[in-house]
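Fold and contact review
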Amino acid sequence: MQAFEAQARDLAGLMARGRGRRLIGRDGADFASNDYLGLADSAVLRGAVTAALARGVPIGSGGSRLLRGNHREHEALEAEAAAFFGRESALYFSSGYAANAALLGTLPQRGDLVLFDELVHASAHEGMKLGRAETRAVAHNDVAAFAAAIADWRRAGGAGRVWIAVESLYSMDGDIAPLAELAALAQGEEAILLVDEAHATGVYGPQGQGLAHALPPANLITLHTCGKALGCEGALVTGPAIVRDFLVNRGRAVIFSTAPSPLMAAAVRAALRIVAEGEGLRTALFDRIAAARQALAPLGVPPGESQVLPLILGDDVRTMAVAGALQAGGFDVRGIRPPTVPAGTARLRISITNNVDLADIAALAARLTELLGERSSTPL
């Protein structure tokens, strides 16, 4: 038996099904990133990082937060983030993946039940695997199904706490969760509502505070990633102070992980100030979203309002061929296949950001019209 024989077979199977992955460069007009407000390469953030370096902020933290890795930039960011999002506390993680895994792997206890929307991010699944609570998937955006699942669990003898894990804006379909109804259900059931605001932070809500900003805070935990509209890196978990304290004491991702870069914390502080005053950035983005939805609706993009526009082609190989043709023509559009999305729903995930203009959007629509008009007759 050769070394890595099993891995070679697995990769060969992925390639045969049109599901192989490879890393490709970031060339062409940006219809792929989550840099929705165009901040990642902005002069303002560059200036904030330069100023932080000049005042002596280190690049590396040198240790976990509980050792010597806790820096005043971390604490300043967390205080400012808690104030910005209107919460008692905030805790900064190195990534949204780490934050989601820590939340769901630490907070729900044995005897509890975690109900999660069937389309939640892979990082939430990772956290649930690490946790001790029972977990159940619930039909996407179906509040009645959440209520029925709670009732079924209670009738079967479930007596612990219920945790409801959802996203506010889903990254592959671009649809928005019924948060007000879910919050009302959570209040009525004395459940905890966990809302991943990854794709809403900076874009939605007053000053970009997210879609969950107006929900009752007592039983609400929100996760705000910093690597999307904020243009930086990391994630902020916000909620009651007890959540921060428990994660610091019990969260293995906090205790046993090197703290995030203090320099990045300084950058996120600047990004929060930018988005707080960034109504013009959001207006520009929504103008682009409206133009893109109007131009791409005839091609099959479903109705919606968010910056994520899925164009479902179905077949894995065909989807990647269309994506490759777009990339060759100067449009950075990526194909998404199972298992990231359900089988039979391979798609082009078209992301609208301030890194493109209206002319770019019109050109993309024209090229897609050409390519999709050839689908039934001409191989790409």
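Throughout what follows, the structure given in this document is the object of discussion.

Parameters and conventions
Residues numbered from 1 in each chain as written. Predicted model: local features only at pLDDT ≥ 70, side-chain atom pairs only at ≥ 80, totals over all residues. Heavy atoms only, no water. Helix = DSSP H or I, 4+ residues; strand = E, 2+ residues; numbered from the N terminus. Rg over C-alpha atoms; globule rule 2.2 N^0.38 Å. Buried < 20%, exposed > 50% of the residue type's maximum accessible area, 1.4 Å probe, protein only. Areas by Shrake-Rupley, 256 points an atom, 1.4 Å probe, with all protein chains shown as cover. Lys, Arg positive; Asp, Glu negative; His and termini not counted. Salt bridge = Lys/Arg side-chain N within 4 Å of Asp/Glu carboxyl O. Contact = heavy atoms within 4.5 Å. Core = buried A, V, L, I, M, F, W, Y, C linked by side-chain atoms within 4.5 Å. Pairing = 2+ DSSP bridges. Axes fitted to C-alpha atoms, helices over the stretch in contact; angles between N-to-C directions. Left-handed = near helix turned anticlockwise from the far one by under 90°. Nonpolar A, V, L, I, M, F, W, Y, C, P; charged D, E, K, R; others polar. Parallel < 35°, antiparallel > 145°, perpendicular 65-115°, else oblique. Phe/Tyr/Trp six-rings, centres within 6.5 Å; stacked < 30°, edge-to-face > 60°. Expected span 1.5 Å × (residues − 1). Polar contact = N/O pair within 3.5 Å; in protein donor to acceptor, adjacent residues only side chain to side chain.

To continue, consider the overall build of the protein chain. Helices and strands together make up the secondary structure of the protein chain, namely 13 helices and 12 strands. Its C-alpha atoms give the protein chain a radius of gyration of 22 Å, within 12% of the compact-globule value 21 Å for 380 residues. Each principal axis of the C-alpha distribution contributes one length, and for the protein chain these read about 60 × 60 × 55 Å. Expressed as a percentage of the 380 residues in the protein chain, the buried residues total 50%. Of the roughly 17,100 Å² of accessible surface on the protein chain, a fraction of 55% belongs to carbon and sulfur atoms.

Mapping Glu-167 onto the fold places it in strand S5 (residues 162–167). Within the buried set, Glu-167 has no salt-bridge partner at all; the shortest N-O distance to an opposite charge, 8.7 Å, is to Lys-228. Once residues within four sequence positions are removed from consideration, Glu-167 is found in contact with Leu-119, Val-120, His-121, Ala-177, Val-195 and Asp-196.

Before going further, it helps to spend a moment on the nonpolar core. Membership of the largest hydrophobic core comes to 57 residues, with the highest contact counts inside it found for Phe-31, Leu-236, Val-268, Leu-326, Leu-348, Ile-350 and Leu-368. Top contributing element to this core by residue count: helix H10 (residues 262–276), with eight residues. Apart from the residues within four sequence positions on either side, Val-268 is in contact with Leu-77, Tyr-92, Cys-226, Leu-230, Cys-232, Glu-233 and Leu-236. Ranked by size, the runner-up nonpolar core spans 47 residues in total, among them Leu-104, Leu-115, Ile-150 and Ile-164.

Taken together, three strands build an open sheet; the order of strands is S9-S12-S11 and the sheet is antiparallel. Here the strands that pair on one side only, and so sit at the sheet edges, are strand S9 (308–314) and strand S11 (334–336). Pairs of neighbouring strands in the sheet enclose a mean axial angle of 30 degrees, with direction left out of account. The pairing of S9 with strand S12 (residues 346–351) spans six bridges and is antiparallel.

We now examine the packing of helix H4 (residues 96–106) against helix H5 (residues 122–130). Relative orientation and spacing of two packed helices are given, respectively, by the angle between their axes and the distance between those axes. Remark: H4 packs on H5, axes separated minimally by 7 Å, with the N-to-C direction vectors making an angle of 35 degrees. Where H4 crosses over H5, the handedness of that crossing is right-handed. Seen from H4, the contacting residues are Gly-96, Tyr-97, Asn-100, Ala-101, Leu-104 and Gly-105; seen from H5, they are Ala-122, Ser-123, Ala-124, Glu-126, Gly-127, Met-128 and Leu-130. For the contact of H4 with H5, the per-class residue count stands at seven nonpolar, five polar and one charged.

Next up on the list: the sheet that holds strand S8 (residues 235–239). Two modes of strand pairing occur in sheets, parallel and antiparallel, and in both the strands are linked by backbone hydrogen bonds. Read across the sheet, seven strands follow the order S2-S8-S7-S6-S5-S3-S4 without closing on themselves; strand pairing throughout is mixed. In the strand order of this sheet, the two ends are held by strand S2 (89–93) and strand S4 (134–138), each with one partner. Recorded for the sheet is a direction-independent mean angle of 20 degrees between the axes of neighbouring strands. In this sheet, S8 lies alongside S2 in antiparallel orientation, the contact comprising five bridges. Looking at S8, one finds that Leu-91 is bridged to Val-237.

Turning next to the packing of helix H2 (residues 43–54) against H10. Between H2 and H10, the least distance of the axes is 9 Å, while the angle of their chain directions is 140 degrees. Between H2 and H10, the interaxial angle falls into the category oblique. For the pair H2 and H10, the sense of crossing is right-handed. Across the interface between the two elements, Val-44, Leu-45, Ala-48, Val-49, Ala-52 and Leu-53 from H2 touch Leu-263, Ala-266, Ala-267, Ala-270, Ala-271 and Ile-274 from H10. Across the contact of H2 with H10, the residue classes break down as 12 nonpolar, no polar and no charged.

Let us now look at the packing of aromatic side chains. Note on aromatic pairs: each is described by the distance of the centres and the angle between the planes. Here the structure, examined in full by the defined rule, presents two aromatic pairs. Ring centres 4.8 Å apart and planes at 75 degrees place the aromatic pair Phe-84 and Phe-85 in the edge-to-face group. Of the two residues examined, Phe-84 and Phe-85, each falls in the buried class. On the basis of an interplanar angle of 75 degrees and a centroid distance of 5.5 Å, the ring pair of Tyr-204 and Phe-286 is categorised as edge-to-face. Of this pair, Tyr-204 sits in the loop between strand S6 (192–196) and strand S7 (220–225) while Phe-286 is found in helix H11 (residues 279–296), placing the two residues 82 residues apart along the sequence. On the basis of relative accessibility, which here comes to 30%, the residue Phe-286 falls in the partly exposed class.

Here we take up helix H1 (residues 5–16). Compared with the 16 Å implied by 1.5 Å per residue over 12 residues, the 17 Å span of H1 between its first and last C-alpha is a close match. Phi for Gly-18, located one or two positions after H1, is positive at around 75 degrees.

With omega at 10 degrees, the peptide bond leading from Pro-338 into Pro-339 counts as cis. Although it is not a glycine, Phe-4 sits at a positive phi angle of roughly 65 degrees. Assignment of secondary structure puts Phe-4 in the segment before H1. Look at Phe-4 and you get exposed, because its relative accessible area is 64%.

Within the secondary structure, Ser-306 is located in the loop between H11 and S9. Look at Ser-306 and you get buried, because its relative accessible area is 0%. Here the side chain of Ser-306 touches Gly-174 through a polar contact of 2.7 Å, landing on its backbone oxygen. A distance of 3.2 Å separates a polar side-chain atom of Ser-306 from the backbone nitrogen of Val-308. Ignoring anything within four residues of it in the chain, the contact list for Ser-306 reads Leu-169, Gly-174, Tyr-204, Ile-289 and Arg-293.

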